Amino acid sequence: MAVFTALTVAVAAYSGGASLFAAAGVWLASAGLAGQILVSLGVNALLGALSPKPSSAGSDRGYQTNTSGTALDHQIIYGEVKVGGAILYDETTGSNNKFLHRIIGVAGHEIDSFERIYINDEYIDVADITAASGNVPLVYSGDGSTSTRYNGKITINFHLGSPIQPADDDLIAASSKWNGQCKLSGIAYMYVKMEYNQDAFPNGIPVFTATVKGKKVKNPSTGLTAWSDNPALCLRDYLITTGYGLGELEANIDDDLVNAAVTVCNQTNTIAGTKRFTCNGSFTTGSTPYDTISNLLTSMGGSLWYAQGKWRMKPSYWTAPVMDLNEDDFRSSVSVSTRHSRRDNFNTIKGTFRGEETNWQVTDYPQRTNASFLAADGGQESVADVNLSFTDTSIEARRLALITLERNRQQLTINASFGLRTLGLQVGDNVRITNTRFGWSSKPFEVVAWNFGLTDGLDLQTEMTLRETAESVFDEVDDGIIYERDNTNLPSPFYVQPVGIFVPISVTAQVVNEKVTNVATITVTATDDVYLDRIEAEFKLNSATTWKKMGTGPIGQYEVVDLETNFYDFRARGINTFGVKGEWEYVVNVEVNPWLGDPSDVTGFDYELSGGSLFLSWTATPDADLSHYKIRHNSATIGGTWGTSSTVVDKVARPSTSVSLPARSGTFFIRAYDKEGNFSENATSLVILPTEIPSLGITVTVTEDPTFTGAKTNILLVGSAIEISDTTAANPTGTYDFGSFAETGQGVKNCRVTGFRTFDRKYDNGALLWDAIPSTFDTWPDLFDDWTDENAGWGDVDVTVYAASTEDDPNASPVWGPWTLANGGFLIGSAFKLKAVLNSTNATYTPSLINLSATIEF
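Remember, predicted model here, so these are calculated numbers, not experimental data. (Residues numbered from 1 in each chain as written. Predicted model: local features only at pLDDT ≥ 70, side-chain atom pairs only at ≥ 80, totals over all residues. Heavy atoms only, no water.)

A. Representation of the pattern of salt bridges in the model. Counted under the stated rule, the structure contains 24 salt bridges. Among the ionic pairs, Arg534 bridges to Asp533, the shortest N-O distance being 2.7 Å. Across the pair Asp650 and Lys630 runs a salt bridge, and its minimum N-O distance is 3.5 Å. Of this pair, Asp650 sits in strand β41 (residues 646-653) while Lys630 sits in strand β40 (residues 626-634); the two residues are 20 residues apart in sequence, bridging distant segments of the chain. Asp650 gets classed as partly exposed once you look at its relative accessible area, which sits at 46%. (Salt bridge = Lys/Arg side-chain N within 4 Å of Asp/Glu carboxyl O. Helix = DSSP H or I, 4+ residues; strand = E, 2+ residues; numbered from the N terminus. Buried < 20%, exposed > 50% of the residue type's maximum accessible area, 1.4 Å probe, protein only.)

B. Inspection of helix α3 (residues 231-240) at higher detail. Buried residues dominate α3, accounting for 10 of its 10 residues. Turning to α3, its buried residues are Pro231, Ala232, Leu233, Cys234, Leu235, Arg236, Asp237, Tyr238, Leu239 and Ile240.

C. Geometry of the nonpolar core. Core analysis: the biggest nonpolar cluster contains 45 residues, and Tyr78 and Met313 have the highest contact counts within it. Elements with a minimum of two residues in this core: β4 (75-78), α3, α4 (255-266), α5 (289-298), β18 (310-314) and α7 (394-408). Ranked by the residues each element gives to this core, the list is headed by α3, at seven residues. For Met313, the residues in contact, after removing those within four places along its chain, are Ala232, Leu235, Arg236, Leu239, Leu257, Val258, Ala261, Met300, Ser303, Leu304 and Trp305. Counting residues in each nonpolar core, the second largest holds 31 residues, with Ile77, Ile117, Val192 and Met194 among its members. (Core = buried A, V, L, I, M, F, W, Y, C linked by side-chain atoms within 4.5 Å. Contact = heavy atoms within 4.5 Å.)

D. The arrangement of the environment of Glu538 in detail. Its place among the elements puts Glu538 in strand β33 (residues 532-541). In this structure, the C-alpha to C-alpha distance between Glu538 and Lys549, residues 11 residues apart in sequence, is 4.5 Å. Glu538 has contacts with Trp547, Lys548, Lys549, Met550, Asp569, Phe570, Arg571 and Trp584, leaving out every residue within four places of it along the chain. A distance of 3.3 Å separates polar atoms of two side chains, one belonging to Glu538 and the other to Lys549. Among the polar contacts listed, one links the side chain of Glu538 to the side chain of Arg571, at a separation of 2.7 Å. (Polar contact = N/O pair within 3.5 Å; in protein donor to acceptor, adjacent residues only side chain to side chain.)

E. Geometry of the pairing of strand β28 (residues 440-454). As judged from the five bridges shared by strand β27 (residues 430-435) and β28, these two strands associate in the antiparallel manner. Residue pairing for β28: Ile433 is matched across the bridge by Lys443. Hairpin geometry of β27 and β28 is characterised by an intervening segment of four residues between the two adjacent antiparallel strands and by a positive phi of about 75° at Gly439. Bridge count between β28 and strand β29 (residues 460-468): nine bridges; the pairing is antiparallel. Note on β29: the bridge partner recorded for Glu446 is Arg467. (Pairing = 2+ DSSP bridges.)

F. Main features of the packing of α3 against α4. Viewed as axis vectors pointing N to C, α3 and α4 meet at an angle of 145°, and their least axial separation amounts to 7 Å. In this structure, α3 contributes Pro231, Ala232, Leu233 and Arg236 to the contact, and α4 contributes Asp255, Val258, Ala261, Val262 and Cys265. Split into classes, the residues belonging to the contact of α3 with α4 amount to seven nonpolar, no polar and two charged. (Axes fitted to C-alpha atoms, helices over the stretch in contact; angles between N-to-C directions. Nonpolar A, V, L, I, M, F, W, Y, C, P; charged D, E, K, R; others polar.)

G. Up close: the sheet that holds strand β21 (residues 348-350). Spatially, the three strands line up as an open sheet ordered β24-β21-β25, and their pairing is mixed. Of all the strands in the sheet, just β24 (368-369) and β25 (383-385) have a single pairing partner and so form its edges. For β21 and β25, the ladder comprises three bridges, and the chain directions are parallel. Counterpart to Lys350 in the pairing with β25 is Asp385.

H. The arrangement of the packing of aromatic side chains in detail. All told, the structure shown has 22 aromatic pairs when counted by the stated rule. For the pair Tyr123 and Tyr140, a centre-to-centre distance of 5.5 Å together with 20° between the ring planes defines the contact as stacked. With Tyr123 in strand β9 (residues 122-125) and Tyr140 in strand β10 (residues 139-140), the pair connects residues that are 17 residues apart, well separated along the chain. Judged by its relative accessible area of 19%, Tyr123 is buried. When the ring of Phe330 is compared with that of Phe418, the centres are 4.8 Å apart and the planes differ by 40°; the resulting orientation is tilted. Of this pair, Phe330 sits in the loop between β19 (323-325) and β20 (335-337) while Phe418 sits in strand β26 (residues 413-418); the two residues are 88 residues apart in sequence, bridging distant segments of the chain. The class of Phe330 is buried, set by a relative accessible area of 12%. Assessed through its relative accessible area of 0%, Phe418 is described here as buried. Site record: aromatic cluster; members linked through ring pairs are Tyr78, Tyr238, Tyr244, Phe283 and Phe390. A cation over an aromatic ring shows up here: Lys213 above the ring of Trp227, its NZ or CZ 4.6 Å from the ring centre. (Phe/Tyr/Trp six-rings, centres within 6.5 Å; stacked < 30°, edge-to-face > 60°. Lys NZ or Arg CZ within 6 Å of the ring centre and 35° of its normal.)

I. How the structure looks around the environment of Gly640. Considering the arrangement of structural elements, one finds Gly640 in the loop between β40 and β41. In this structure, the C-alpha to C-alpha distance between Gly640 and Gly666, residues 26 residues apart in sequence, is 8.7 Å.

J. Up close: the environment of Leu239. Its location among the elements puts Leu239 in helix α3. Sequence separation between Leu239 and Ile293 is 54 residues; the distance between their C-alpha atoms is 8.7 Å. If sequence neighbours within four positions are ignored, Leu239 has contacts with Leu246, Gly247, Glu248, Ile253, Ile293, Leu304, Trp311 and Met313.

Encoded structure:
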């Protein structure tokens, strides 16, 4: 069984009073400061007595990973930054060294908070860890996907570095070497406990880093000490801190200028959501005070100087001139330098920064080049490398780079002595100078050096170095694109590219062997499939629990056929080249009921009469899901509608396009129906006039309206019409038997029997309410806006006339034949009885039979 190898215990027992990190021992004295040490790149500082020593490699950016050692420099954190730390303690416990205990010190001072923990390249917010009592329940990858591989395998406790913080109770309980005296006072650290698991740690012990809100700093305007990323407050803290800072007295800091600088840095930039300047970075005590102050100043492009017994600062920001000077104020000749040396004159700025947008990698910010400056330098590019180790956004980096570039090109510098009026000036002030000899009219200059003293003639004068400036130097910059040139991290083997399913899902119908087959097709997509090996797609009924395979293969379409009309769920996921499966992407509750549209209106509807037969024919409709045709007949030749006609042929199955009927006059209608029961929008009609029907010699007519004296079954006489009396059944029907039978009067004859009826569609109680209107508007026939007869298109009520014949004496005990449609066909008999059947497919409607008659012709 593989186990964690027991590591050397760096500290077996620890007294809380001393530091685990070796103190840098750097002291910065403020006495005797004189002269200008640094005037460069818009950052000028008077740091006279500082004695620089070579800084440790990377000390200006702190620990970016975990470092082991017995005597390491403190890490100091200002603002918010991602840092590694010093591994202060390692111990293994448990059977076969199952548990590894590690302490990682991140700062040699008290911090505000841990914000996010990175385990190798995955991360989790500290709030999620503390909510889980130290356990790491899940981690996020860069793409936002999550993993629970460390759940129950890693726990982390956090200590903010309070001077009075207690030792970690969990480590005391687990270790025989760590006790209550091991407090690590003043050290901000993480205690990490790992339980060995080959799947969770396939590459060994991971690297733990953290996003940390660093040191709390004092704001002199409020007197409060709290976390801040304001560069002026961070620089002030460094100046007054004993141990790793200058240890200066607060009384020796010009807090009026500090407060002014704080206000400037906090100003909101025109780019929404960004401050003008922030300070977010870390360094170790191996960095010299000279380097540290210089780096802190870069975060606000600022200046620091010592004058009149106080440290003073100013960020890169335009301030209105405080004084106007002219020839009367000069006390000496003017020394003018019109240009920098070639070495100090540059037309391009480049450098690095790091922050969340670069995944905390040190990255080049967009290079700034001014074409006008380049042309002025003869086309030769001169580059200044300005690394911004305390700047964490490309927006601020670009802003600082542009200010530095344009400020450097303000090259005109003068040295002169001035009268006592200039005693009120100090380094960082702007003045306006008017001098006709040099052609200056209220030209702005910045004071970069200021001295006061007596001349040989005992004249009290100030000597100043002034450099031209302009308000446009400090213009804000537009946002730009940041390119990460050092983004070389390969994706985690646990990473699987998320996939998507294109919505809406394609649902179609195909007709195979006269059967409509439903087909659902999903299209699986991915923004980048370079690391995807294959796709897995599945489906199920929405009400089911078991998923069924659609297929496995590349990015693209997956199809399932022969689905019943219902609601379905679909899902797909990616599988990477290591066989690791990604998260499912779902599309649920998709209705599979493709509608191909209503069938086309029937065309070519025609007829042919031959003797006593009528042959109807038409052109086949082109609809793939065509089921059949229905034919209805109305006795009238003018004014008939589909809804007030009777069905004479309920179904002519496809592919037939003709039918034979007994010859009769009136209006014939035809509609096409699909397999879902949808029908043509318009009924196609033709009219056969009575004169076209061959006449026979004798005609007997039986008329029942308007009295309708015959026998009634579920039939009610309403005025001069009859209706179904009870329509509560699902498909209500009623029967009316004619009042008497009809005789030929000439014995048994072969007779043509034809029934005639006229009816309307009527609501059963005559007072239709909105709530009783059937179905929805979208399902109603024809076009609502075009209705002239609201009953015309329905076809849900019908009246059919039947006849039966006998060859016996109808007044005795005749034997009657079967009931036959009285549709113009021939029956043999000496007498005939008739009936009308009223029916409806809508429980709230009834046919209202107005006219009813029949003819017997022979």
